[in-house]
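Chain by chain, the residues run as shown.
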Amino acid sequence: MALILSFVFPLAGTLILALSAGRLGVRASSFIGVGSVGLAALATAWAVMTPPGGESVTVITLWNWIAVGDFQPTIGLAVDGLSLVMMSVITGVGFLIHLFAAWYMRGEEGVTRFYAWMNLFVFSMLLLVLGDNLLLLFLGWEGVGLCSYGLIGHYYRSHANGQAAFKAFVVTRIGDVFLALGLFLIFMELGTLDIRTVLELAPQAWAQGSTTANLAALLVLGGALGKSAQVPLHTWLPDAMAGPTPVSALIHAATMVTAGVYLIARLHGLFLLAPDVMLLVGVIGAVSLLLAAFAALAQTDIKRVLAYSTMSQIGYMFLALGVGAFDAAIFHLVTHAFFKALLFLSAGAVIISCHHEQDMRRLGGLWRKLPVAYGGFLVGGAALVALPLATAGFFSKDEILWQAMAADQTGLLLAGLLGAVLTGLYTVRLILSTFHGEPGHGGPTSDHVRDPEAGVNPLTHHLPLVVLAICSTFVGAWLYPGLGGLFPASPGEAADTGHTLLQVLAMGAAFAGLLLAAWLFLWQRRWLDETVRQGFGNSLWRLWHSAWGFDALFDRILVRPWQLTVKYLRVDLINLMMNLPALVARALNAGLVRGQNGRVRSYALVMVFGATAILLTLALVQGGAV
């Protein structure tokens, strides 16, 4: 019953809000939107109290969906340890984000529409993680994509925001096409889309490393890359920051972008049959985490820094998946949801309090005026850089690096360590630029910063930040139950040799990033500013600011050729040939209509000319015959 209620409450909230036709006020819409997800969180807590043990799965079949021959998928819910973990993140963190949105969205237009989309997103995400077959999972998968389009484009009066929503929809659809093809292949080969049955039949039908196994894994990976914003389908994520900040926290930090991680972990048996694809997953994760970390160093928008940080941290999760450390990937997924949601919500507090100012160059000196948001950045930033022992991020990131080392993947390990150094650099830059120093030219001074507590219930602002801050400490690591019984043994479970050395290296990388950041942004700030203004430093900064030029590259090799093709296809030769008989008929009709003018003289003249033409024709024919 708890499983059903967990997604029925958000669905009910969506229907009430959507069918209200805008007649609900801001307070009523907020109450329904927040309350429905709060009830879903309580239902999830109820389900967590009686979890399935070990590898057992609880299945609830609601009804048969489709019956076409042997293809008979059901609307069914399957819950195991992985599903419960994902449900807890979706509803628990989702509730805190919805609660914060009640403060953030006050005074905004379209609040009812906003909460309707948010509730529908939570429902779709729960459907994705609870579906007992791949078709139902795909329905939730497409649902979250649709909701992200509506939420990114919430401020639709701005053309740029509409374009950002459209870009996210199109890019993620590319990945969805690959996933759909993968599902077709799985059904054709195995005759089922039931997840448990697929994992049982795949090892029997396909040999390890076989072409079919590799192809199926590659197609599923294509879908995961789109949703999780990994190279090369990552360009939509930074632009998606056009939506309200609670949207960024919910969709682009805690839930939707981790759907690809969940998909690979759920179908781990399929990927274990394709070791080359598994390695590709790890390599893509390593490349993504480094490219995004460098890009974050050169961003000036506070939310875009966090967006590239999200892409980088998901790269760590893909790295873990690539070395077979599925449990470590989910562990980092959970801790990342805590501290990244905290950072986004704290950024939202800054943005609202500074009259929607997001440019870090125009911020500064806010730490006294916004102490709660500043504390959220400190705690969330510490977890992001994996400050040793005190933060949740340390334990999950250390586990990933250890598993890479245990798997003898030195290249992936080095990428992870370098990523830790870069994380410290851009995190310190973000905090110093936002909260310390003096505001840039035209930026809000401390006297112009609005008090976030003025005229509102402080619980909607303080409570989500405080709870997420607590979960971002070592407490968050304790909350993760571990899924060792659900996944095969990871590389690091066989031995513990070298783990202590790895922890020292990881701590050294984190502190190296912090010290280098302090040296660059505090003591060498003038030299750094001069370096990025000219020469190679400026070229490097522009390259990183443009995120390595992927948008420009795709514009040249994909968008412009497509536009040129469409331009030439506007004159469709085949369509023109099909229209030619109609054009001839219309021309003949126009000629005959002109003759029907009702004038007797014209008719007589036509008769005379016609008779003359006939007589001449007959004369010519007879003359020719003689």
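Everything discussed here concerns the structure shown above.
Residues numbered from 1 in each chain as written. Predicted model: local features only at pLDDT ≥ 70, side-chain atom pairs only at ≥ 80, totals over all residues. Heavy atoms only, no water.

Participant: What should I look at first to understand unusual backbone geometry in this one?
Facilitator: Glycine aside, a negative phi is what most residues show, and trans is what most peptide bonds show. Val231 connects to Pro232 through a cis peptide bond whose omega is 5°. Relative to the helices and strands, Pro232 is located in the loop between helix H8 (211-227) and helix H9 (236-239). Residues other than glycine seldom take positive phi values, yet His355 does so here, at roughly 60°. The residue His355 is located in the loop between helix H15 (326-353) and helix H16 (371-384) in this model. Given the relative accessible area of 46%, His355 is considered partly exposed. Phi angles above zero are rare outside glycine, and Trp548 is one such case at about 70°. On the secondary structure map, Trp548 appears in the loop between helix H23 (535-545) and helix H24 (550-569). (Helix = DSSP H or I, 4+ residues; strand = E, 2+ residues; numbered from the N terminus. Buried < 20%, exposed > 50% of the residue type's maximum accessible area, 1.4 Å probe, protein only.)

Participant: What should I look at first to understand the nonpolar core in this one?
Facilitator: One broad rule of soluble globular proteins: the nonpolar side chains tend to lie buried together. Counting residues in hydrophobic clusters, the biggest one holds 199 residues, and the most contacted among them are Phe271 and Ile330. Beyond its immediate stretch of four places on either side in the chain, Ile330 contacts Leu82, Val85, Val261, Ala265, Tyr480, Leu483 and Phe487. (Core = buried A, V, L, I, M, F, W, Y, C linked by side-chain atoms within 4.5 Å. Contact = heavy atoms within 4.5 Å.)

Participant: How do you make sense of the packing of helix H1 (residues 2-19) against helix H4 (residues 111-130) when you look at a structure like this?
Facilitator: Between two packed helices, what matters for the description is the angle formed by their axes and the separation of those axes. Where H1 contacts H4, the two axes come as close as 8 Å, and the packing angle between them is 155°. Judged by the angle between their axes, H1 and H4 are roughly antiparallel. Both H1 and H4 take part in a crossing whose hand is left-handed. Together, Leu3, Ser6, Phe7, Pro10, Leu11, Gly13, Thr14, Leu17 and Ala18 of H1 and Thr112, Tyr115, Ala116, Asn119, Leu120, Val122, Phe123, Leu126 and Leu130 of H4 make up the contact between the two elements. Here the contact of H1 with H4 is composed, by residue class, of 13 nonpolar, 5 polar and no charged. (Axes fitted to C-alpha atoms, helices over the stretch in contact; angles between N-to-C directions. Parallel < 35°, antiparallel > 145°, perpendicular 65-115°, else oblique. Left-handed = near helix turned anticlockwise from the far one by under 90°. Nonpolar A, V, L, I, M, F, W, Y, C, P; charged D, E, K, R; others polar.)

Participant: What exactly am I supposed to notice about the side chain of Asn161 here?
Facilitator: Topologically, Asn161 is positioned in helix H6 (residues 159-190). What Asn161 contacts, discounting residues up to four positions off in sequence, is Ile152, Gly153, Tyr155 and Ala242.

Participant: I keep staring at the environment of Asp496 and nothing clicks. Help me out?
Facilitator: Residue position: Asp496 is located in the loop between helix H20 (474-479) and helix H21 (499-523). For the pair Asp496 and Trp402, spaced 94 residues apart in sequence, the C-alpha separation works out to 9.2 Å.

Participant: How should I be thinking about a nonpolar patch on the surface in this particular structure?
Facilitator: A surface patch of nonpolar side chains, about 730 Å² in accessible area, is lined by Tyr149, Phe166, Val170, Ile174, Val177, Phe178, Leu181 and Phe184. A per-element tally of the nonpolar patch places H6 first, with 7 residues. Residue position: Leu181 is located in helix H6. Judged by its relative accessible area of 42%, Leu181 is partly exposed. (Patch = residues over 30% accessible without salt bridge, like charges linked within 9 Å, V, L, I, M, F, W, Y side chains within 5 Å. Areas by Shrake-Rupley, 256 points an atom, 1.4 Å probe, with all protein chains shown as cover. Salt bridge = Lys/Arg side-chain N within 4 Å of Asp/Glu carboxyl O.)

Participant: What should I look at first to understand the packing of H15 against helix H19 (residues 459-472) in this one?
Facilitator: Relative orientation of the contacting elements H15 and H19 amounts to 150°, with a least axis distance of 8 Å. Accordingly, the angle class assigned to the pair H15 and H19 is roughly antiparallel. Judged by the twist between their axes, the crossing of H15 over H19 is left-handed. Contact residues: H15 offers Phe338, Phe339, Ala341, Leu342, Leu345, Ser346 and Ala349, while H19 offers His461, Pro464, Leu465, Leu468, Ala469, Cys471 and Ser472.

Participant: Is there a simple way to explain H16 in this structure?
Facilitator: An α-helical turn contains 3.6 residues, so any two residues separated by three or four positions project in the same direction. An ideal rise of 1.5 Å per residue puts 20 Å on 14 residues; H16 measures up with 19 Å between its terminal C-alpha atoms. Regarding H16, the residues found buried are Ala373, Tyr374, Gly376, Phe377, Gly380, Gly381, Ala382, Ala383 and Leu384. Tucked into the core, H16 has its buried residues touching helix H14 (302-322), H15, helix H17 (392-406), helix H18 (410-435) and H19. At the C-terminal side of H16, Ala386 shows a positive phi close to 65°. (Expected span 1.5 Å × (residues − 1).)

Participant: Help me understand the pattern of salt bridges, please; the structure alone is not making it clear to me.
Facilitator: Oppositely charged side chains can pair when the atoms bearing their charge come close. With the rule as written, the count across this model stands at 12 salt bridges. Put simply, Asp239 and Lys167 hold a salt bridge, and the shortest N to O gap is 2.6 Å. Taken together, the residues Asp239 in helix H9 and Lys167 in helix H6 connect sequence positions 72 residues apart. The shortest N-O distance in the salt bridge between Asp529 and Arg525 comes to 3.4 Å. Pair noted here: Asp529 and Arg525 are both in helix H22 (residues 525-531), with a separation of 4 residues, about one helical turn. Taking the relative accessible area as the measure of exposure, Arg525 reaches 33% and is therefore partly exposed. Three or more residues are tied together by salt bridges with common partners; here these are Glu142, Arg173, Asp176 and Lys227.

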